[in-house]
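Report on the structure
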Amino acid sequence: MKRSLKLLVITAALFALASVGLFANGQKESAGAGTAASSSSGKTIVLGFSQVGAESEWRTANTRSIQQAAKDAGIDLKFSDAQQQQQNQIAAIRSFIAQKVDVISFSPVVTTGWDAVLQEAKSAGIPVILTDRAVDVKDPSLYVSLIGSDFTLEGERAANWMLKFMDDHGYANKEVSVAEIEGTVGSAPAIDRKKGWDNVMKDHSNWKIVLDQTGDFTRAGGKQVMEAFLKTGKHIDVLFAHNDDMAIGAIEAMKEAGVNPGKDIRIISIDATKGGFQAMMAGELNCVVECNPLLGPQLMQAVKDMLAGKTLPRWIKTNEGIFPADVAAKVFPTRQY
Ligand code: GZL
Ligand code: ZN
């Protein structure tokens, strides 16, 4: 009896010391690094994050934001890059489960095929927070929250802006032929940006999508698709690219074919990256719709709040704007990605 009482007192004392972080690494945290964020058990929070890949300027800004925010928050980040392959993301999630991380977060490359692995995370008692892209799962309890944009709204913003721009340039009630370069097949942004565009254009029968192919969100993809579009000889008035990188690749293809980007073919894309602003300032891109990649701080706050027992909103939406070429030079110096 005495021995177990003694043991109990020592454990309680250890717990008390741990919870005030006295077992942290002792020396003063170097300036800038966040103090170790601890879960209720007092130990440093370990977050497993599976990233889509490094396919675009948006994605590298997103990765930088997550890695920096984890450092600032004192969260131990296990980061894996899936090179845009779903099976790599599934393997990464399984390894996080094996490592018994506190929380799993990921940006799902496509919307389907996650039920089994997320069920394994749930059975292991590890909560999942999605960033950037959504999943389509039968059991909604397989993830706690999604931190990301409303892609349908982004597609609607793109369509509404281009509709007004073309009407103002003499195309009201005239045939407008649209080429669409879509994002990764089956990804939430590609599905929903297309849906948003179509939501607006269904009321304007003079607007027709005459060419439509995926460029997989990369510059190379956008260039190859635009080269193929131009080879068809079809008349194109407007290019709708699902991200800036594919628009920039398409612009290269147009210039190589003697087509004047932003003039012969008007162009709108989504992300609002530095590359997008530079193309607008060069007069080669007419407008960008913002899609904010700087999700790191919101993710780390959500992880801490969730582990502290707070209920998270099901969808933490990012606020975003739209930037036509005529404001690009003024706005560019304020851009963070
Ligand atoms: C959108 C994000 C998309 C970007 C692309 O939130 O998932 O993936 O628009 C990126 O640039 O590749
Ligand atoms: Zn025309």
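Only a predicted model underlies this, so the values are computations on that prediction, with no experimental measurement involved.

**Digging into the pairing of strand E10 (residues 287-290)**
Residues Cys-287 and Val-289 line one face of E10 and the alternating positions Val-288 and Glu-290 line the opposite face, and both faces are buried. Running through helix H9 (residues 274-281), the crossover from strand E9 (residues 266-271) to the neighbouring parallel element E10 is right-handed. Examined bridge by bridge, E10 and strand E12 (residues 322-324) share three bridges and lie antiparallel to one another. The residue of E12 that forms the bridge with Val-288 is Phe-323.

**Side note on the sheet that holds strand E1 (residues 46-51)**
Reading across from one edge, E2-E1-E3-E4-E5-E11 is the order of the six strands in this open sheet, with parallel pairing throughout. Looking at the sheet topology across the chains shown, the edges are occupied by strand E2 (76-81) and strand E11 (315-317). Each neighbouring strand pair of the sheet contributes to a mean axis angle of 20 degrees, computed without reference to strand direction. Where strand E4 (residues 128-131) lies against strand E5 (residues 145-148), three bridges are found, and the strand directions are parallel. Counted as the bridge partner of Ile-129 is Ser-145 from E5. Packing of helix H3 (residues 86-98) onto the sheet brings it into contact with E1, E2 and strand E3 (103-106), and relative to E1 it is tilted by some 170 degrees.

**Brief notes about the pairing of E4**
Both faces of the sheet carry side chains from a regular strand, because those side chains alternate between them. Of the two faces of E4, the one carrying Val-128 and Leu-130 and the one carrying Ile-129 and Thr-131 are both buried. In terms of strand pairing, E3 meets E4 through three bridges, oriented parallel. Bridge pairing links Ser-105 to Ile-129 in E4. Taking the sense of rotation as the criterion, the β-α-β connection linking E3, helix H4 (residues 115-123) and E4 turns out right-handed.

**Digging into the site of ligand 1**
Lining the immediate environment of ligand 1, one finds 13 residues, of which Glu-55, Asp-132, Arg-133, Arg-193 and Asp-271 sit closest. With respect to ligand 1, the side chain of Asn-243 contributes an N or O atom lying 2.9 Å from an oxygen atom. The fraction of the free accessible surface of ligand 1 (320 Å²) that becomes covered by protein chains is 100%. Mapping ligand 1 onto the cavity grids shows that it belongs to the largest cavity. Sorting the residues of the shell around ligand 1 by element identifies helix H2 (57-73) and helix H6 (188-201) as the ones contributing at least two each. Taken together, the residues that form the shell around ligand 1 break down as five nonpolar, two polar and six charged. Split by domain, the residues of the shell around ligand 1 number at least three in each of domain 1 (46-149 + 294-319) and domain 2 (151-291).

**With respect to the packing of aromatic side chains**
Each aromatic ring pair is described using two quantities: the centre-to-centre distance and the angle formed by the ring planes. Considering all chains together, one arrives at seven aromatic pairs under this definition. Measuring from ring centre to ring centre gives 6.3 Å for Trp-197 and Trp-207, while their planes differ by 65 degrees; the resulting arrangement is edge-to-face. Of this pair, Trp-197 sits in helix H6 while Trp-207 sits in strand E7 (residues 207-214), and the two are 10 residues apart along the sequence. We classify Trp-197 as buried; its relative accessible area is 1%. Residue Trp-207 is classed as buried on the basis of its relative accessible area, which comes to 7%. Where Trp-197 meets Phe-240, the ring centres are 4.3 Å apart and the plane angle is 10 degrees; that geometry is what we call stacked. With Trp-197 in helix H6 and Phe-240 in strand E8 (residues 238-241), this pair connects stretches of sequence that are 43 residues apart. The same class applies to Trp-197 as to Phe-240, namely buried. An aromatic cluster is defined as three or more aromatic residues linked by ring pairs; in this entry it consists of Trp-197, Trp-207 and Phe-240.

About the thresholds
Residues numbered from 1 in each chain as written. Chains lettered and ligands numbered in written order. Predicted model: local features only at pLDDT ≥ 70, side-chain atom pairs only at ≥ 80, totals over all residues. Heavy atoms only, no water. Buried < 20%, exposed > 50% of the residue type's maximum accessible area, 1.4 Å probe, protein only. Helix = DSSP H or I, 4+ residues; strand = E, 2+ residues; numbered from the N terminus. Right-handed = clockwise from strand over helix to strand, strands pointing away. Pairing = 2+ DSSP bridges. Axes fitted to C-alpha atoms, helices over the stretch in contact; angles between N-to-C directions. Contact = heavy atoms within 4.5 Å. Near = heavy atom within 4 Å. Polar contact = N/O pair within 3.5 Å; in protein donor to acceptor, adjacent residues only side chain to side chain. Areas by Shrake-Rupley, 256 points an atom, 1.4 Å probe, with all protein chains shown as cover. 1 Å grid on protein atoms, 1.4 Å probe; cavity = no way out; pocket = protein on both sides within 12 Å on 5 of 7 lines; lining within 4 Å. Sits in = over half its atoms within 2 Å of the grid points. Nonpolar A, V, L, I, M, F, W, Y, C, P; charged D, E, K, R; others polar. Domains from an automatic or database assignment. Phe/Tyr/Trp six-rings, centres within 6.5 Å; stacked < 30°, edge-to-face > 60°.

Just geometry here; none of it tells us what the structure is for.
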